[in-house]
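Each chain, letter by letter, is given below.
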Amino acid sequence: MISFIVIGHRAATTGDFKLDDIAGGAGRLDVLVRCVNSAFFLSHDIRREVVLHLCLSGGQDAPKTVRFSGGDIRYLNPDERSTASLIRNALLKKAPAEGEVRSSPGVYVSRMSFEDVVSQLSGRRFVYLREDGTDCREYDFPEDPVFVLGDDRDLTEEEESLLSATDPDRISIGPLSLHADHCIIVVHNEMDRRRA
Ligand SMILES: C[S@@+](CC[C@H](N)C(=O)[O-])C[C@H]1O[C@@H](n2cnc3c(N)ncnc32)[C@H](O)[C@@H]1O
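Computed from a predicted model, the values in this text were never measured in an experiment.

*Asks:* Would you explain the overall build of the protein in this entry?
*Replies:* For the protein, the count of helices and strands is 5 helices and 8 strands. Helices (α) and strands (β) of the protein occur, in sequence order from the N terminus, as β-α-β-β-α-β-β-α-β-β-α-β-α. Against the 2.2 N^0.38 benchmark of 16 Å for 196 residues, the protein shows a C-alpha radius of gyration of 16 Å, consistent with a compact globule. Summing over all exposed atoms, the protein offers an accessible surface of approximately 9,500 Å²; the carbon and sulfur share of this is 46%. A gap of 6 Å separates the mean positions of the 24 positive and 33 negative side-chain charges of the protein.

*Asks:* Help me understand the side chain of Arg-47 in this model?
*Replies:* Along the polypeptide, Arg-47 turns up in the loop between helix 1 (29-40) and strand 2 (50-56). Overall, the relative accessible area of 10% leaves Arg-47 in the buried class. With residues up to four places along the chain from it excluded, the contact list for Arg-47 reads Ala-39, Phe-40, Leu-42, Gly-70, His-188, Asp-192 and Arg-195.

*Asks:* Explain the state of the cysteines here, please?
*Replies:* Covalent bonding between the sulfur atoms of two cysteines is what defines a disulfide. What the rule picks out here adds up to 0 disulfides. Cysteine Cys-136 remains unbridged, with the sulfur of Cys-183 as its closest cysteine sulfur at 10.0 Å. Accessibility expressed as a relative area gives 1% for Cys-136, which makes it buried. Looking at the unpaired Cys-183, the closest cysteine sulfur is the one in Cys-35, lying at 8.3 Å.

*Asks:* Would you mind going over unusual backbone geometry with me for this structure?
*Replies:* The bulk of non-glycine residues show a negative phi, and the bulk of peptide bonds are trans. The amide bond that connects Ala-62 to the next residue, Pro-63, takes the cis arrangement and shows omega of -5°. Note on placement: Pro-63 falls in the loop between strand 2 and strand 3 (64-69). The phi dihedral of Tyr-75 falls on the positive side, at around 65°, and the residue is not glycine. For Tyr-75, the location among the structural elements is in the loop between strand 3 and helix 2 (80-92).

*Asks:* Would you explain the packing of helix 1 against helix 5 (residues 180-195) in this entry?
*Replies:* Any two packed helices are characterised by the angle at which their axes cross and by the distance between the axes. Contact geometry for helix 1 and helix 5: axes closest at 8 Å, N-to-C directions at 15°. Between helix 1 and helix 5, the angle falls in the class roughly parallel. By crossing handedness, the relation of helix 1 to helix 5 is classed as right-handed. Taken together, the residues of helix 5 that come into contact with helix 1 (itself represented by Val-31, Arg-34, Cys-35, Ser-38 and Ala-39) are Ala-180, Asp-181, Ile-184, Ile-185 and His-188. For the contact of helix 1 with helix 5, the per-class residue count stands at 6 nonpolar, 2 polar and 2 charged.

About the cut-offs
Residues numbered from 1 in each chain as written. Predicted model: local features only at pLDDT ≥ 70, side-chain atom pairs only at ≥ 80, totals over all residues. Heavy atoms only, no water. Helix = DSSP H or I, 4+ residues; strand = E, 2+ residues; numbered from the N terminus. Rg over C-alpha atoms; globule rule 2.2 N^0.38 Å. Areas by Shrake-Rupley, 256 points an atom, 1.4 Å probe, with all protein chains shown as cover. Lys, Arg positive; Asp, Glu negative; His and termini not counted. Charge placed at Lys NZ, Arg CZ, Asp CG, Glu CD. Buried < 20%, exposed > 50% of the residue type's maximum accessible area, 1.4 Å probe, protein only. Contact = heavy atoms within 4.5 Å. Disulfide = S-S within 2.5 Å. Axes fitted to C-alpha atoms, helices over the stretch in contact; angles between N-to-C directions. Parallel < 35°, antiparallel > 145°, perpendicular 65-115°, else oblique. Left-handed = near helix turned anticlockwise from the far one by under 90°. Nonpolar A, V, L, I, M, F, W, Y, C, P; charged D, E, K, R; others polar.

Structure below.
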């Protein structure tokens with residue numbers, strides 16, 4: 001399994017935003033929607049082995065996590081609006097106090113924070129994407145990695161310190177600072193090449 005955690009620092013946690021305004025009123029949800037597309041889409045297929053956690057920290061009902069699971073995902077289309085709609089439907093669902101609830105096949109919502117998700121995945125190898133990390137071309141990707149990255153903002157000091165407790169590997173995917181969704185594509189590409 002390949003997992004990604006993306007932290008949406010200002011991303012909406014209630015479903016009352018307009019699909020025409022995901023970059024504004026929904027707290028840069030557009031960045032996260034593009035991460036969903038990059039994490040899952042191949043030209044004519046879906047990466048079934050991928051799980052993506054969107055940890056949403058903005059809005060009135062934070063924290064929440066929307067989890068996309070490639071193994072059972074349905075109704076995922078490449079256009080951003082329909083992906084935003086899947087997230088909005090998840091946020092309109094009543095998230096339980098404990099555990100998660102399915103809002104559509106392969107999409108789950110919970111009240112988990114970034115810290116909760118990290119703790120739930122403990123035991124796996126965490127890989128922190130940072131511009132100043134080890135060059136990924138010198139890096140042996142583990143079997144079941146959990147990649148962690150920021151949205152349009154880097155991790156806060158508090159988030160970094162939570163993640164540091166897992167002793168993550170820190171990798172850079174190139175000399176320039178890229179958009180989060182582009183980072184996911186590069187990571188997939190590097191892993192694809194080694195598996196080919
Ligand atoms: C758009 S960047 C965040 C802001 C960016 N650090 C800046 O100064 O403009 C989103 C996230 O992508 C990841 N990232 C961007 N470029 C990267 C690179 N070259 N290597 C590794 N991770 C990168 C980091 O996790 C970063 O938090």
